[in-house]
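Coordinate inspection notes
If you want the building blocks of each chain, they are given just below.
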Amino acid sequence: AGFGAGLGLALASSTFIGGSFVLKKKGLLRLCGRARAGQGGHAYLREWLWWAGLLCMGIGEAANFAAYAFAPATLITPLGALSVLVSAVLSSIFLKDQLNVHGKIGCILSILGSTVMVIHAPHEEEVSSLESMAEKLKDPGFIVFAVCVLVSSLLLIFVAGPRYGQSNVLVYVLVCSAIGSLSVSCVKGLGIALKELFSGKPVLKEPLGWVLLVCLVICISIQINYLNKALDIFNTSVVTPIYYVLFTTAVMTCSAILFKEWQHMVLDNIIGSISGFLTIVSGIFLLHAFRDMPFTPNVLPLFLQPGRADPHLSWSSADRHQSCQHQPLLPSEDKGSQSAEEEE
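Residues numbered from 1 in each chain as written. Predicted model: local features only at pLDDT ≥ 70, side-chain atom pairs only at ≥ 80, totals over all residues. Heavy atoms only, no water.

An unreviewed UniProt entry lists the chain under the name NIPA2 protein, from Sitta europaea. The Sequence similarities (unreviewed entry) field of the UniProt record for the chain holds the comment "Belongs to the NIPA family." A UniProt comment under Subcellular location (unreviewed entry) is attached to the chain, and it reads "Membrane". (UniProt positions renumbered as here; feature names shortened; annotations may be inferred.)

**Some words on the overall build of the chain**
Helix and strand content of the chain: 13 helices and zero strands. Beginning at the N terminus, the succession of helices and strands in the chain can be written as α-α-α-α-α-α-α-α-α-α-α-α-α. Going through the 344 residues of the chain one by one, you find that 40% of them count as buried. Sequence-distant contacts, at least 24 apart, represent 79% of the contacts inside the chain between residues at least 6 apart. (Helix = DSSP H or I, 4+ residues; strand = E, 2+ residues; numbered from the N terminus. Buried < 20%, exposed > 50% of the residue type's maximum accessible area, 1.4 Å probe, protein only. Contact = heavy atoms within 4.5 Å.)

**A word on the pattern of salt bridges**
Here the structure, examined in full by the defined rule, presents one salt bridge. Between K201 and E196 there is a salt bridge, and its shortest N-O distance comes to 3.8 Å. Of the residues examined, K201 reaches a relative accessible area of 45% and is grouped as partly exposed. (Salt bridge = Lys/Arg side-chain N within 4 Å of Asp/Glu carboxyl O.)

**A short note on the layout of surface pockets**
When its volume is computed, the second largest pocket comes out at roughly 340 Å³. For the second largest pocket, the lining is made up of 15 residues, of which F142, L182, C186, C215 and C219 are closest to its centre. Among the secondary structure elements, those contributing two or more residues to the lining of the second largest pocket are α6 (130-137), α7 (140-164), α8 (170-198) and α9 (207-233). Of the residues forming the lining of the second largest pocket, the biggest block, six residues, is contributed by α9. Taken together, the residues that form the lining of the second largest pocket break down as 14 nonpolar, one polar and no charged. (1 Å grid on protein atoms, 1.4 Å probe; cavity = no way out; pocket = protein on both sides within 12 Å on 5 of 7 lines; lining within 4 Å. Points joined across faces, edges and corners; volume = space filled by probe spheres on them. Nonpolar A, V, L, I, M, F, W, Y, C, P; charged D, E, K, R; others polar.)

**Details of the nonpolar core**
One finds L75, L79, F142 and L182 to be the most contacted residues of the largest nonpolar core, which totals 57 residues. For this core, the element with the highest residue contribution is α8, accounting for 14 residues. Mapping this core onto the domain boundaries places at least three of its residues in each of domain 1 (1-35 + 43-124) and domain 2 (127-260). Here L79 is in contact with L7, A10, S14, S114 and V118, once residues within four sequence places are set aside. (Core = buried A, V, L, I, M, F, W, Y, C linked by side-chain atoms within 4.5 Å. Domains from an automatic or database assignment.)

**Remarks on the side chain of S110**
Position of S110 among the secondary structure elements: in helix α5 (residues 101-120). Each residue touching S110, except ones within four places of it in the same chain, is listed here: L82, L85, I280, G283 and I284.

**Let's talk about the packing of α7 against α8**
In contact at an axis separation of 9 Å, α7 and α8 are set at 155 degrees when each is read in the N-to-C sense. Our classification of the angle between α7 and α8 gives roughly antiparallel. For α7 against α8, the interelement crossing comes out left-handed. Here F142, F145, A146, V149, L150, S153, L156, I157, A160, G161 and Y164 of α7 come into contact with α8, specifically with V171, Y172, L174, V175, A178, I179, S181 and L182. A per-class count over the contact of α7 with α8 returns 16 nonpolar, three polar and no charged. (Axes fitted to C-alpha atoms, helices over the stretch in contact; angles between N-to-C directions. Parallel < 35°, antiparallel > 145°, perpendicular 65-115°, else oblique. Left-handed = near helix turned anticlockwise from the far one by under 90°.)

**Some points on the packing of aromatic side chains**
A complete count under the given rule lists three aromatic pairs for this structure. On the numbers, 5.5 Å between centres and 20 degrees between planes, the contact of Y243 with F247 is stacked. With Y243 and F247 both in helix α10 (residues 236-258) and four residues apart, this pair spans about one turn of that helix. Since its relative accessible area comes to 17%, Y243 is described here as buried. Given the relative accessible area of 16%, F247 is considered buried. Taking 6.4 Å as the distance between ring centres and 40 degrees as the angle between the ring planes, the aromatic pair formed by Y244 and F277 counts as tilted. Here F277 lies in helix α11 (residues 267-289) and Y244 lies in helix α10, a separation of 33 residues in the sequence. The burial state of Y244 is the same as that of F277; both residues are buried. Above the ring of F259, the side-chain terminus of K188 is found at 5.5 Å from the ring centroid. The ring centre of F70 lies 5.0 Å from the NZ or CZ of K195, which sits over that ring. (Phe/Tyr/Trp six-rings, centres within 6.5 Å; stacked < 30°, edge-to-face > 60°. Lys NZ or Arg CZ within 6 Å of the ring centre and 35° of its normal.)

**A word on the environment of K24**
As for its placement among the helices and strands, K24 is situated in helix α1 (residues 2-29). Taking the C-alpha atoms as reference points, K24 and A52, separated by 28 residues in sequence, lie 7.5 Å from one another. With residues up to four places along the chain from it excluded, the contact list for K24 reads L49, W50, G53, L54 and M57.

This is the structure:
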């Protein structure tokens, strides 16, 4: 029951978040000459479509927050890719954005990969209370992982950032991904705390819940800051797939160390989860990397192009244009001179 609730909340979260982008974009397009957001204006605050998109975003984030309390993070985090799929499909319908063949194949791959991950994901929840969460946080393996994340993030921010941040997309995206793995752990702990609070337990007296809340605010602030830097410097079609891959990998690694979600999984389920994740990565890459690339029938093979499928047309065109195998190897003038030399 808990796994089904977490899965349903994750799917609802992706639907609401994906739809929120379309609603907010639709509201921004209705400004009609008024001061736009890109020009520093705030006329979008008077558009009900923009507020509807903001409401959908809040509902989606709340559903995603609650999903971590019921299902493993190994399942919830990769399913966030479905919000990109929903946004792309709805944009092609309501905003008339182009969704080429690469994008459609990417959507199909994302759905297939998500299905495979749902089938092979761990169904049992390893942490069900704040007491067990506290025991998990004291694990030496997680302490080493957290120290490595913090040290590497500091090095990326203060050493690699000033030198390579403007030229290498991985610098700021790695900071967001590494810190994001810790923020997901905080979200999962707070979700468990809220679930216990609604069941009547005195959670507000537990210091762990407040510590997790403070850590979550700090982690999210760092993520937003450096993700905005990456988006400001580099193209969105480059940042989005790289961030998804690195963030999801970091979260799955953190969950495997902290919650031991992969400890009781058989080899088939481990291979299935990894295969599903890589399939989603391939779909997201196709959806973003080739989004602005025009795909016309002229780039198709000849037998797939319109008009080439008719065999009579193909044979008639072949009669008009001789194959290079039947053309003379020498021009006509050279051939004539060659025959004259032979006669002499």
